[in-house]
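A structural walkthrough
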Amino acid sequence: MTVIDIPGSKSVTARALFLAAAAEGTTTLLRPLVSDDTEGFAEGLTALGYAVRREPDAWHIEGRPAGPGADTAEVYCRDGATTARFLPTLAAAGHGTYRFDASAQMRRRPLAPLTEALRTLGVDLRHGEREGHHPLAVHAHGVKGGALTLDAGQSSQYLTALLMLGPLTAEGLDITVTDLVSEPYVEITLAMMRSFGAEIRQEGRTYRVAPTGYRARTYGIEPDASTASYFFAAAALEPGRSVTVPGLGTGALQGDLGFVDVLRRMGADVGITDTGTTVRSTGTLRGLTVNMRDISDTMPTLAAIAPFADGPVRIEDVANTRVKECDRLDACADNLRRLGITVLTGPDWIEIHPGTPTGPVEIATHGDHRIVMSFAVTGLRTPGVTFDDPGCVKKTFPDFHRVFDTFVHTP
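This report concerns the structure included in the present document. The numbering scheme is per chain: residues are counted from 1 as the chain's sequence reads. Where totals are concerned, whole chains, interfaces and linings use all residues; where local detail is concerned, this predicted model gives features only for residues with pLDDT of at least 70, and gives and counts side-chain atom pairs only at 80 or more. Hydrogens and waters are ignored; side-chain quantities use all the structure's heavy atoms.

**Considering unusual backbone geometry**
Between His134 and Pro135 the backbone carries a cis peptide bond, its omega angle lying at 0 degrees. Under the scheme used here, helices are H or I runs from DSSP no shorter than 4 residues and strands are E runs no shorter than 2 residues, and both carry numbers assigned from the N terminus. As for its placement among the helices and strands, Pro135 is situated in the loop between β8 (124-127) and β9 (136-141). Of the consecutive residues Gly359 and Pro360, the connecting peptide bond is found in the cis state with omega at 0 degrees. You can see Pro360 is positioned in the loop between β22 (350-352) and β23 (361-363).

**A short note on the sheet that holds strand β3 (residues 26-30)**
A sheet is described by the order of its strands in space; here four strands give the open sequence β4-β5-β3-β15, paired in mixed fashion. The strands lining the two open edges of the sheet, one partner per strand, are β4 (51-55) and β15 (218-220). With strand direction ignored, the average angle separating the axes of adjacent strands in the sheet is 15 degrees. At least two DSSP bridges between two strands are needed for those strands to be called paired. In this structure, β3 lies alongside strand β5 (residues 58-62), joined through five bridges in antiparallel fashion. Lines fitted to C-alpha atoms define the axes, with helix axes restricted to the stretch in contact, and inter-axis angles between N-to-C directions lie between 0 and 180 degrees.

**Notes on the state of the cysteines**
Disulfides are defined in this document as cysteine sulfur pairs within 2.5 Å. As enumerated under the stated definition, the model contains zero disulfides in all. Looking at the unpaired Cys77, the closest cysteine sulfur is the one in Cys392, lying at 19 Å. Note on Cys326: no disulfide assigned, nearest cysteine sulfur contributed by Cys332 at a separation of 7.6 Å.

**Some remarks on the pattern of salt bridges**
Only one rule defines a salt bridge in this text: a Lys or Arg side-chain nitrogen within 4 Å of an Asp or Glu carboxyl oxygen. Inspection of the entire model under this criterion finds 29 salt bridges. Here Arg293 makes a salt bridge to Asp179, at a shortest N to O gap of 3.0 Å. Here the residue Arg293 occupies a position in the loop between β19 (288-291) and α10 (299-305), and Asp179 occupies one in strand β11 (residues 173-180), the gap between them amounting to 114 residues. Buried means the residue's accessible area, taken with a 1.4 Å probe over protein chains only, is under 20% of the maximum for its type, while exposed means over 50%, and partly exposed covers the values in between. In this structure Asp179 comes out as partly exposed when scored by relative accessible area, which is 30%. Residues joined in a network through salt bridges with shared partners are Lys10, Asp37, Arg109, Asp297, Lys324, Glu325, Arg328, Asp368 and Lys395.

**Considering the pairing of strand β13 (residues 206-209)**
Where β11 lies against β13, four bridges are found, and the strand directions are antiparallel. By the bridge assignment for β13, Ile175 is matched with Tyr207. Where strand β12 (residues 200-203) and β13 come together, four bridges link them in antiparallel fashion. Paired with Arg201 across the two strands is Arg208, which belongs to β13.

**A word on helix α6 (residues 156-165)**
By the criterion of burial, α6 is predominantly enclosed, with 10 of the 10 residues buried. Every buried residue belonging to α6 is among Ser156, Gln157, Tyr158, Leu159, Thr160, Ala161, Leu162, Leu163, Met164 and Leu165, and all of these are buried.

**Overview of the layout of surface pockets**
Once rolled over the atoms, a probe with the size of a water molecule shows which space is left empty. Of the volumes computed, that of the largest pocket is approximately 280 Å³. A pocket here means an open set of points on a 1 Å grid, computed over the protein atoms alone, that has protein on both sides within 12 Å along at least five of seven lines. A cavity is instead a set of points where a 1.4 Å probe fits but cannot get out; residues with an atom within 4 Å of a point line either one. Lining the largest pocket are 17 residues; nearest its centre among them are Ile6, Pro7, Gly8, Arg31 and Pro32. Here the residues of the lining of the largest pocket sort into 10 nonpolar, three polar and four charged. Grid points are joined across faces, edges and corners, and a volume is the space filled by probe spheres set on the points. In this classification, the charged set is Asp, Glu, Lys and Arg, the nonpolar set is Ala, Val, Leu, Ile, Met, Phe, Trp, Tyr, Cys and Pro, and all remaining amino acids, among them Gly, are polar.

**Some words on empty space enclosed by the protein**
Enumeration over the complete set of coordinates arrives at two cavities of 30 Å³ or more. Taken as a whole, the largest cavity holds about 250 Å³ of empty space. Forming the walls of the largest cavity are 26 residues, and the residues nearest its centre are Lys10, Gln157, Tyr185, Asp297 and Lys324. Breaking the lining of the largest cavity down by element, the ones donating at least two residues are α1 (10-22), α3 (81-92), α6 and α12 (369-378). Of the residues assigned to the lining of the largest cavity, the class counts are three nonpolar, 12 polar and 11 charged. Considering only enclosed or pocket space, the second largest cavity measures out at about 40 Å³ in volume.

As structure tokens, then:
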């Protein structure tokens, strides 16, 4: 059995940085993810006037409940969706003028439901070029609060950003959601907010957030369940192999750990304890139909091993994967076809038929870290798989290729 220490969760680290910046006092984050996304978030906080001190295994953030310490700031969000969506929302609670821009990839990704909601709350927010996209400017004068309706069918991050804003408003927020994707990520948000002192009540599809502010604390970051999916998939694929990821067990916050339930349905042996999760190959992968709406970041992982199943693998309700770092649904389909696999697609589904992928093939990554890490698993059984941009894994796991290679070559 191989034990793999997975880096900290990107989702948890980003939320923890927001909450720490908004809290009264100094928060210490233990084992935060160190990657392009999280470093960009931390640099954005620094640009806004928050004090962030980074040590190898701990980041210390001095909170500012009244908002950014800078009156004006220019923030570059890189490729980070959490940075690009959370930081303008945090800045809106302060007083000053804050301008945000991002990479070309992030500029393409939608933002409109969040910025429209902020405007509903009275935030003076202006897009610099294309409405509903970066760049944008926030002319902040605090947020009174109130009631709003939100469509979070494209991204749960819109709801997360507004929920985290709630305790910083003068009167609190009532958010009624008309549609919601990736709901487990919202559960992460609610649990973390409460651990920093927030009070939230959920009544049907309405979230009522009290204007409590936040209290600083020491907070440990759990391993990233989405990143763990590549190692779990590899263990399920390779006969005689098993892997254990410590720190991701029955009490884990992240819904993407539910990916191992998909592997179990396909025939893998899965064990989850209080301290970790183990996946073992049984030598069989069965085809299945699965709804991955709530764990859509692991859709490419499943697509990458689907050809090795004994029947078709159909993944449904994943329309939101089309507006990630790239159109992941089409990217997976196109790369699998280039490997000689029969693939069908629709607006929100992909169906992959059994076959033997054949290389050599250079995978078109579209600069998307999850495409690289997913097809690295395909490469275990397909000689000649390479990538046009292997380095884009820096977004969430800069050391992925070394760690995965070590895992592959460990008996």
